[in-house]
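Topology and contacts: notes
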Amino acid sequence: MAVINVLAPHVANMIAAGEVVERPGSVVKELMENAADAGARNITVELRGGGATFIRVTDDGCGMAPEDAGNCFLRHATSKIKDELGLEAISTMGFRGEALAAIAAVSHVELLTRREEDEAGTMVTLSGGEIQDMGPAGCPKGSVFTVKDLFYNTPARLKFMKSDRAEGAWCVQTALRVALGRPDISVRCIRDGQEEFFTPGDGKPESAVYALLGRDTALSMLPVQGENEGVSVTGFVGSPSAGRGNRAMQFFFVNGRVIRSQSLQAAVEQAYKNTLLVGRFPSCVLYITMSPGAVDVNVHPTKNEVKFSSEKRVFDAVYYSALNALQGREDTVEMRLSRGTEKRLHPTGPVSAPEPEHSAPEKASEEPIEKAPAPTGQMTLELHSPTYTYGRGMTVAVPLRHSSQRESAPRREEAEPPRSVPKPPAAWEPKKPPAEKPAASVPAEPARVVGEVLRTYIIAEQGERVLLIDKHAAHERLVFDALKARGREILSQGLLEPQTWRPAREERETLEENAGLLRELGFDLEPYGEEDMIVRAVPEALDPAQAVPALEEICEKLQTGSRDLARDGILQTIACKAAIKAGWDTDPMELQVLADKVASGQIKYCPHGRPVAMTLTRRELDKQFSRIV
């Protein structure tokens, strides 16, 4: 009896559809790219129910003849290439002949299309990939694709769909990316009856950036123009003062096609080295133009990833173009502190701005270390490291102070030991093997802090070994554990001056959808106008000046993973922003507290999994100096 089955064509199409149509946004992307290939000058995208219920894409392109209107839904039917030679230099957005067949296989589709020279158009209706009706119909020049009930016949895919709000936001973001890559096409996007964006289609990239990314982002951009060995790079990069907490505002286009590329991300971020604050990411909209034969877009059915014949040539073109744009304009990073933050840092009164000093910049080290910002010509800040107290007397005993306070500030008494945190029910507690009990009862040998190097690493001696401790990683773990111990009782601090922030559209949708979780973690924010958000409160451990950078990182974490994983990721971000930084001067008492925590074994890894310390034994050192063989 045969065990190998030849699948029916409609089953094969449904399987193949999973490679091309991952979610409603995939349908929007494929239909918009087909419209662009058809020579459309105007495209309208309409969405309802997050795109799963209704998607309609209308264009004024060349349209199709009646015989082509039916054939376009067959697998591997395309007008873009004719043979294998066409794969060597693809200049169109589509070419595989899979998109329309995949979309039709998992939805109900209606097509209205007419060429300019035809008196009447053609209407085609399909269900599950099968043509139900086809005939003449009146319609304007161009094509109208209507997709309804996406994944109605594939429940396995349907159950993995996110909420209508999340899927709708992704559809809008997808349409935005396609529109940003084609400034010569006017694109209008409407979701649930409301216009999301409109681009003029005047062919000017700056007009598209202004219309799609907003006024503030457009005004912070620097123009880019460069070329390297046949690779042309144009567009815009963000000013260093407009750095973001994630890469949501990085857009790359190759010959008009929006792509994802870690190599191009690295090229841009390398250009900002020693210019952008550590943990911040530049924004950019870059158009790379090159010979179609030098780039392979036939890597994945979604065509989001490409391969370059010379990765280094493209990397260098992007890197040097971005670098030249940055060097052509000297920007001073402006630090604006709210009154509440300034009062917290300087309780005795405001700090007057000193006269700007002009000196030659120091040579950057090969391994840059994270430093607290000190903007030229703005103000000199004494950064007081906070003490973290979480209500009801539970204190994290790390009273960090700036080194300038060592002489004037009285020595603080050791904080009370933290109160014990209630344990979960006994059924949840893992059983420890009896052999661990004697080891737990032996006290750890105390550590003696010898000093600090590079204002980053603590050197401590413990018996016959030397500890090198990353002070930021150790303190970050300490704060993270304290936040975790609080459970759902994380306290928040209201801001005297609420902060306004304009997130990307996708970020705004994510924040609104997860407003309940953010409130549990101490954030209080709400929509402010059509595009802005207003932050009214932040977790108690977080410096208000870090509210927006923290929220930018949190958005990225909320878009992936389960609720519990997202919660831990948010706590990691809060702890990272609250912890002391590499490059800060730290009091010896504070270094001793961190060294004791590490030496006792209470802290081994930072919340991100990095080790907080490395150990050198007496024997290893003696061997290095040839004291022993």
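Here, the structure is the one placed above.
Each value, and the rule that gives it
- Residues numbered from 1 in each chain as written.
- Predicted model: local features only at pLDDT ≥ 70, side-chain atom pairs only at ≥ 80, totals over all residues.
- Heavy atoms only, no water.
- Helix = DSSP H or I, 4+ residues; strand = E, 2+ residues; numbered from the N terminus.
- Buried < 20%, exposed > 50% of the residue type's maximum accessible area, 1.4 Å probe, protein only.
- Contact = heavy atoms within 4.5 Å.
- Areas by Shrake-Rupley, 256 points an atom, 1.4 Å probe, with all protein chains shown as cover.
- Expected span 1.5 Å × (residues − 1).
- Core = buried A, V, L, I, M, F, W, Y, C linked by side-chain atoms within 4.5 Å.
- Pairing = 2+ DSSP bridges.
- Axes fitted to C-alpha atoms, helices over the stretch in contact; angles between N-to-C directions.
- Phe/Tyr/Trp six-rings, centres within 6.5 Å; stacked < 30°, edge-to-face > 60°.
- Lys NZ or Arg CZ within 6 Å of the ring centre and 35° of its normal.

1. Quick look at the overall build of the protein
Regarding its fold elements, the protein presents 19 helices and 24 strands. Split into buried and exposed, the 629 residues of the protein put 45% on the buried side. The contacts in the protein between residues at least 6 apart in sequence include a share of 69% that link residues at least 24 apart. Accessible surface for the protein amounts to roughly 33100 Å². Of this, 51% is attributable to carbon and sulfur atoms.

2. Some thoughts on helix α16 (residues 547-558)
One turn of the α-helix equals 3.6 residues, which is why residues spaced by three or four share an orientation. Between its terminal C-alpha atoms α16 stretches 16 Å, which fits the 16 Å expected from twelve residues at 1.5 Å a residue. The buried count for α16 comes to ten of twelve residues, which makes it a mostly enclosed element. Those residues of α16 that fall on the buried side of the exposure criterion are A547, V548, P549, A550, L551, E552, E553, I554, C555 and L558.

3. Here's the deal with the nonpolar core
In terms of nonpolar packing, the biggest core is built from 59 residues, with F73, L180, F197 and V285 touching the most fellow members. Among the elements that make up this core, the one with the highest residue count is helix α6 (residues 164-181) (seven residues). For L180, the residues in contact, after removing those within four places along its chain, are A208, V209, L212, L213, F251, F253, V285 and Y287. Core analysis: the next-biggest nonpolar cluster, separate from the first, contains 31 residues, V231, V237, F252 and V268 among them.

4. Looking at helix α2 (residues 24-37)
Taking 1.5 Å per residue, 14 residues should reach 20 Å; α2 reaches 20 Å between its end C-alpha atoms and fits that length. The buried count for α2 comes to twelve of 14 residues, which makes it a mostly enclosed element.

5. Re the environment of A101
The residue A101 is located in helix α4 (residues 99-105) in this model. Residue class for A101 comes out buried when judged on its relative accessible area of 7%. Between the alpha carbons of A101 and C72 there is a distance of 7.7 Å; along the sequence they are 29 residues apart. In contact with A101, not counting residues within four places along its chain, are F73, L74 and R75.

6. Re the sheet that holds strand β20 (residues 465-470)
Strands pair in a sheet through their backbones, by hydrogen bonds, and they do so in one of two ways: parallel or antiparallel. Taken together, the four strands give an open sheet; going across it, the order is β18-β19-β20-β24, and neighbouring strands pair in antiparallel fashion. Sheet topology places β18 (448-453) and β24 (613-617) at the edges, where each strand pairs with a single neighbour. If you compare each strand with its neighbour and ignore which way they point, the axes differ by 20° on average. Relative to strand β19 (residues 457-462), β18 runs antiparallel, the two being bridged by five bridges. Residue pairing in the sheet places V449 in a bridge with A460 of β19. Its contacts with the sheet place helix α13 (residues 471-485) against β18, β19 and β20, and it is angled at close to 75° to β20. Sitting on the sheet, helix α18 (residues 588-599) is in contact with β18, β19, β20 and β24, with an inclination near 115° to β18.

7. Description of the packing of aromatic side chains
For the coordinates displayed, the defined rule picks out four aromatic pairs. For the ring pair F253 and Y287, a centre distance of 5.3 Å and an interplane angle of 15° mean the geometry is stacked. Separated by 34 residues along the polypeptide, F253 in strand β11 (residues 250-254) and Y287 in strand β13 (residues 284-289) bring together distant segments of the chain. Take F253: its relative accessible area is 1%, and that puts it in the buried class. A network of ring pairs unites the aromatic residues F315, Y319 and Y320 as a single cluster. Residue placement shows R48 over the ring face of F54; its charged tip is 3.9 Å from the ring centre.

8. Focus on the pairing of β20
Examined bridge by bridge, β19 and β20 share six bridges and lie antiparallel to one another. Residue pairing for β20: Q462 is matched across the bridge by R465. Between β19 and β20, which pair antiparallel one after the other, the connecting turn spans two residues, and G463 there sits at a positive phi close to 65°. Relative to β24, β20 runs antiparallel, the two being bridged by five bridges.

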